[in-house]
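Reading the structure
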Amino acid sequence: MALDLETREQLIDAVRRFVAERLRPIEAKVAEDDAVPAEIVEAMKGLGLFGLSIPEAFGGLGLNMEEECLVCFELGRASPAFRSVFGTNVGIGSQGLVMFGTDEQKARWLPGIASGEIITAFALTEAEAGSDSAAVQTRAVRDGDDYVLSGSKRYITNAGKASLFTVMARTDPQVKGAAGVSAFLVPRDLPGLSVGKPEKKMGQQGAHIHDVVFDNVRVPAWNRLGAEGEGFKVAMQVLDRGRLHIAAVCVGVAERLLVDCVAYAGERRQFGQPIASFQLIQAMIADSKTEALAARALVLETARQRDAGQGVTLEVAAAKLFASEMVGRVADRAVQIFGGAGYVADYGIERLYRDVRIFRIYEGASQIQQLVIARETIKRGG
Ligand code: COS
């Protein structure tokens, strides 16, 4: 259900002010410390950011997809590491439960997810199952009223802080592909579950990814999400939604970079004039603006279609592909417009250039989006 327009504007305005007043001033420090301060996390909870997409009945803000994308446009104006703090609760860590959970499962976990008391993580990727996500080898063996999970997951966002994991594991070893996979809600405190050290990454310092190991973790069958063998479809539908959220964040980052570029090009003088007066600089600004506008339109149109109940697997993949590639080009041009200042750390442009690189990889690499787009287009006959 959509918010009334006034409430929607109030929320967007509150997020815009929070980003400008609380997040932007500490971006560089967060990157340096590789940590988001606890008081900022508390303020995020106060604003309801952990529960943006959780239904109101469970304590969330219950935003529809269009509203969530509008909020993401604002969030993209600060380091994307901040969004990651609550990104799993809004998206891949909670949406399996929202879409496929039983009433009892939802009642047990969603209120804590909405408030931020529970941090969630989505455990699909493994060392040998990245783009080929149907190849998961983590096993879930039925034993009485439980399943026993063994195996390991790789590069799991927020695993270090998570108290609830959505885990994709193979329940049928005879079936090699997607149909042998089931999804489970796995609380962190179950014996046998351990989380590795945070990986050192290229960008988005302050956001963390870890390996997660399941050493005979006994999970009640009650915690299975959806039917046995439905886990891959759960994962794909979660990603169908998550990819659009990421595309919206890409738009926000691109729009912020444009503001930074225009401000810098207006101040920086060469040959006796602000560099903004040079047509070769203007061409870069024009290309970035055009692409950012196109991505914004594609994201919003896809979100509206999804809210209207249409199947948008193709459109979401197109939005993720276009927006993530677009923000890569915009960040590259930003470095070029800033010149030497774009390459040194002080201006933060090189940091954003590194930060946006992951958008082309996580929640499905660009090549996977191309594959999905091609398959769906052929299926639809054009
Ligand atoms: N929604 C619902 N069901 C879907 C679906 C979707 N978006 N995509 C696939 N399925 C279903 C298919 O319909 C099929 O079901 P049936 O066998 O009943 O017809 C089943 O899932 C298997 O689908 P498919 O044969 O297309 O699986 P593939 O192994 O070919 O994999 C890709 C498809 C490559 C698209 C998938 O593995 C993928 O998205 N990989 C990237 C994973 C990713 O994003 N990783 C990031 C990790 S999370 S940060």
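Residues numbered from 1 in each chain as written. Predicted model: local features only at pLDDT ≥ 70, side-chain atom pairs only at ≥ 80, totals over all residues. Heavy atoms only, no water.

Let's talk about the overall build of the protein chain
Counting secondary structure elements, the protein chain contains 13 helices and ten strands. Against the 2.2 N^0.38 benchmark of 21 Å for 382 residues, the protein chain shows a C-alpha radius of gyration of 21 Å, consistent with a compact globule. Judged by the C-alpha coordinates and their principal axes, the protein chain covers about 80 × 50 × 40 Å. Looking at the protein chain as a whole, 54% of its 382 residues qualify as buried. Relative to all contacts within the protein chain whose residues are 6 or more apart in sequence, the contacts with residues 24 or more apart total 75%. Accessible surface, the protein chain as shown: approximately 16,700 Å² in total, 53% of it carbon and sulfur. Looking at charge distribution, the protein chain has the averaged site of its 44 positive side-chain charges lying 4 Å from that of its 48 negative ones. (Helix = DSSP H or I, 4+ residues; strand = E, 2+ residues; numbered from the N terminus. Rg over C-alpha atoms; globule rule 2.2 N^0.38 Å. Buried < 20%, exposed > 50% of the residue type's maximum accessible area, 1.4 Å probe, protein only. Contact = heavy atoms within 4.5 Å. Areas by Shrake-Rupley, 256 points an atom, 1.4 Å probe, with all protein chains shown as cover. Lys, Arg positive; Asp, Glu negative; His and termini not counted. Charge placed at Lys NZ, Arg CZ, Asp CG, Glu CD.)

Some details on helix 5 (residues 80-90)
The element helix 5 is largely enclosed, with a buried count of eleven among its eleven residues. All of the buried residues along helix 5 are Pro80, Ala81, Phe82, Arg83, Ser84, Val85, Phe86, Gly87, Thr88, Asn89 and Val90.

Focus on the pairing of strand 7 (residues 209-220)
Within a regular beta strand, the side chains point alternately toward one face of the sheet and then the other, so they alternate between its two faces. Of the pairings in the sheet, the one linking strand 3 (residues 146-157) to strand 7 comprises nine bridges and is antiparallel in character. Looking at strand 7, one finds that Val148 is bridged to Arg218. Alignment of strand 6 (residues 193-195) against strand 7, held across three bridges, turns out to be antiparallel. Directly across from Val195, in strand 7, lies its bridge partner Val212. (Pairing = 2+ DSSP bridges.)

Side note on the domain arrangement of the protein chain
Splitting the protein chain by domain gives domain 1 (5-115), domain 2 (120-229) and domain 3 (233-380). Relative placement of domain 1 and domain 3: their C-alpha centres are 21 Å apart. Of the residues lining the interface, 25 residues belong to domain 1; the matching set on domain 3 comes to 30 residues. Regarding the contact of domain 1 and domain 3, the summed buried area is about 2,500 Å², with carbon and sulfur atoms giving 65% of it. When residues of domain 1 are sorted by the area they lose upon contact with domain 3, Met65, Phe73 and Arg83 head the list and together hold 26% of the total. Inspection of the region where domain 1 meets domain 3 yields six salt bridges. Of the charged contacts, one joins Arg351 and Glu27 as a salt bridge, the two residues approaching to 2.8 Å between their closest N and O atoms. Here domain 1 and domain 3 share twelve residue pairs in polar contact (both at pLDDT 80 or more) between them. Where the side of domain 1 that touches domain 3 is concerned, the elements lending two or more residues are helix 2 (27-33), helix 4 (65-75), helix 5 and helix 6 (95-100). Looking at the side of domain 1 that touches domain 3 element by element, the count peaks at seven residues for helix 4. (Domains from an automatic or database assignment. Buried area = accessible area lost by both parts, 1.4 Å probe. Salt bridge = Lys/Arg side-chain N within 4 Å of Asp/Glu carboxyl O. Polar contact = N/O pair within 3.5 Å; in protein donor to acceptor, adjacent residues only side chain to side chain.)

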